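So the chains spell out like this:
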Amino acid sequence: MDLRMRLHALGLVIVGAAACAPTPKVAPTPSTTAATSLYMPRNIAKAFRNGTRSPDGRPGPKYWQNRGRYDIAITALPPDRTVRGSEEITYYNNSPDTLRNPVIKLFLNIHKPGAPRMGGASADYLTDGVTIESFAVNGSNVAWPGGARTYTWQRFPLPTPLLPHDSVHLSFKWHYPISLESGREGMLDSTTYFLAYFYPRVAVFDDYDGWDTMNFTDMQEFYSDFNDYDVSITVPANFVVWGPGTLLNAADVLQPAILDRFNRSMTSDQTINIATRADMAAKRVTKQSRNTWRFRARDIPDMAFNLSDHYVWDGGSVIVDSATRRRSSVQASYNDTAADYHHMVQYGRHSLEWLSSNWPGVPYPFEKTTVVQGTADMEYPMFVNDEAFPDTVFARFVVEHEIAHSWFPFYMGINETRYAYMDEGWATAFEYLIGVSDLGADRAGGFFKQFRVSGWAGNPSSLEDLPIITPTDALTGAAYGDNSYGKPALAYLALKDMLGDTQFRAALHGFMDRWHGKHPIPWDFFNSVNNITGQNLNWYWNGWFFDPGNIDVALLAVEKTGNGYDVHIANVGGKPVPVDIVARFTDGTTQTFHQTAGIWARDPKHTIVSLATSKTIQSATLDTGIWVDADSTNNTWSAK
Ligand SMILES: [Zn+2]
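Calculation notes
- Residues numbered from 1 in each chain as written.
- Predicted model: local features only at pLDDT ≥ 70, side-chain atom pairs only at ≥ 80, totals over all residues.
- Heavy atoms only, no water.
- Axes fitted to C-alpha atoms, helices over the stretch in contact; angles between N-to-C directions.
- Helix = DSSP H or I, 4+ residues; strand = E, 2+ residues; numbered from the N terminus.
- Parallel < 35°, antiparallel > 145°, perpendicular 65-115°, else oblique.
- Left-handed = near helix turned anticlockwise from the far one by under 90°.
- Contact = heavy atoms within 4.5 Å.
- Nonpolar A, V, L, I, M, F, W, Y, C, P; charged D, E, K, R; others polar.
- Pairing = 2+ DSSP bridges.
- Expected span 1.5 Å × (residues − 1).
- Buried < 20%, exposed > 50% of the residue type's maximum accessible area, 1.4 Å probe, protein only.

Remarks on the packing of helix 6 (residues 392–404) against helix 8 (residues 424–439)
For any two helices packed against each other, the geometry comes down to the angle between their axes and how far apart the axes lie.
And step 1. Across the interface, helix 6 lies against helix 8 with an axial gap of 8 Å and an inter-helix angle of 140°. As summarised for this structure, helix 6 and helix 8 are arranged oblique, according to the angle between their axes. As for the relative orientation of helix 6 and helix 8, their crossing is right-handed in sense. For the pair helix 6 and helix 8, contact is made by V393, R396, F397, E400, H401 and A404 and by E424, A427, T428, F430, E431, I434, D438 and L439, respectively.
And step 2. Of the residues assigned to the contact of helix 6 with helix 8, the class counts are seven nonpolar, two polar and five charged.

Quick look at the sheet that holds strand 7 (residues 166–177)
And step 1. Read from one edge of the open sheet, eight strands run 5-4-7-2-1-13-17-15, paired in mixed fashion. Since the sheet does not close on itself, it has two edges, and those belong to strand 5 (140–141) and strand 15 (246–247), each with one partner.
And step 2. As paired elements, strand 13 (residues 227–235) and strand 17 (residues 291–300) share eight bridges and run antiparallel to each other. Among the inter-strand pairings, V235 is bridged to a residue of strand 17, identified as N291.

Some thoughts on helix 8
And step 1. Relative to the 22 Å expected for 16 residues at 1.5 Å per residue, helix 8 spans 21 Å between its end C-alpha atoms, a close match to the ideal helical length.
And step 2. With twelve of 16 residues buried, helix 8 lies mostly within the body of the structure.
And step 3. At the C-terminal side of helix 8, G440 shows a positive phi close to 90°.

Focus on the packing of helix 8 against helix 11 (residues 486–499)
And step 1. The geometry of helix 8 relative to helix 11 is characterised by a closest axis approach of 7 Å and an angle of 60° between their N-to-C directions. By the criterion of interaxial angle, the relationship of helix 8 to helix 11 is oblique. Crossing of helix 8 over helix 11 shows right-handed handedness. Counted together, G425, W426, T428, A429, Y432 and L433 of helix 8 and P488, A489, Y492, L493 and K496 of helix 11 form the full contact between these two elements.
And step 2. Its residues placed into classes, the contact of helix 8 with helix 11 shows eight nonpolar, two polar and one charged.

Printed below as a string of structure tokens:
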């Protein structure tokens, strides 16, 4: 999540969903519907024709993806704002294509005056961007082609083409001034830096778009290959560095008492104060010389780092895989004055444990996570940068969302720039499910409606009705947020309701097994769920992802039948949502008949639901719960 996505949400709140009684009615079997094929843009259709993607939802027999090895030596000497790096990249071309003009991403050039960006830029945000001091290909110096008008990506010509199944070695020396104003990266204070998106990297070259030449505008998020990283960061004495992966040389940089606490935190359920405010102030945390901290991580899509001479450091750990008893470390770095952060290791432990064993229900795939007090409310591999919040319930909610991203996009290799709903939608669905566990269904549902649904549901602008499948980079404002977060989360949650937990888990885990560590696209998900469930759910994918529309059901009529009633419901908005029919009987009792989204399988616009009851209905109301109805004035029927 990005905090800016929490935007417009503080409006109408309908707290407390009606209790839902399970219904004996069986939804129409979707396989009885005529199969429709899903729309595919021409580049996607070509990938299927080429065999890199398979119609059954699996990676195709010719699937490939490229990768890199990154060795980076960084020097950061606060309060000097210049961050310097020396970087060696080995890039492997696993594609069948000969590559002549690779693309390098230079995200931090977004700080350059004139860079295309979605929002404004204050004087404290602007910098000179990334300066490439030297560049070499396979050991030979080459003039870097970038100039004043190079922003967040740059092509360069290879002296000799990179053939299929060959590799090339790239060397960069670079520096950049860290920006005074912190967003997703930057200075947190004069001696606390958050380094992210800072190093030159080879853009993704994939089977459906070729080279990724999208500008980074600080709106869309990221798309990265899975790489191996060895990073060293040299900082002054008394600075702690937090990074992802394994800290290889803790004994070289930490004083013995601190090292002992750090090591104990790796097996402790309790929060251990590895370095307290007093420790930091007394300068008794690191060795008393300039220290080089070395981190190693394999098969992850990015690296970020935090460094400070006064943030305090907590640590603990949690079992994330009950079968193997594997533990992951949970660390927090923060200003001691941030009250919520004193709970952060436990919030992190709770998130990892719950998400690993419930939804998505796949053991946390990494060795650690670190939560840094910053400004971003943003996820990074094995890292979260969150504001401090006065409300600890909200602080926990935000960190749960960010940690949920560990699975989507980082384990699953999602292209967030084109298909943000493939990660934000899932993180938002998991955020709701862990919220129900934390707070109960009523409170979590109220919260979810307030922050994720009501702003979209109640806004009649045509922008809000755009199909979710619209490329994320073609969306702005509320349409970007709602198509990435609330709408797809509702689609995933309605799918869970329709399939039931057992089949939904099989579909989700099947998709994750097939695609983790790779680059799935929406069609791979749709095809996988169809394949794993044995159902043609294209009507559902069309209704939620491909068709424009909103959530609006209408109760047309309630007709007496031999053993109860037929309830006629229209789907005015078009989204296939579950519906609770709340019947009030003449004897004063009520009964709720839950209908899954399967009621829209035969006809997306109209359905007849048969209710078996011997009682007489006085009135009936449609309640769509967290699937907030845009117009509830047409939801009630009363006997004359
Ligand atoms: Zn998110």
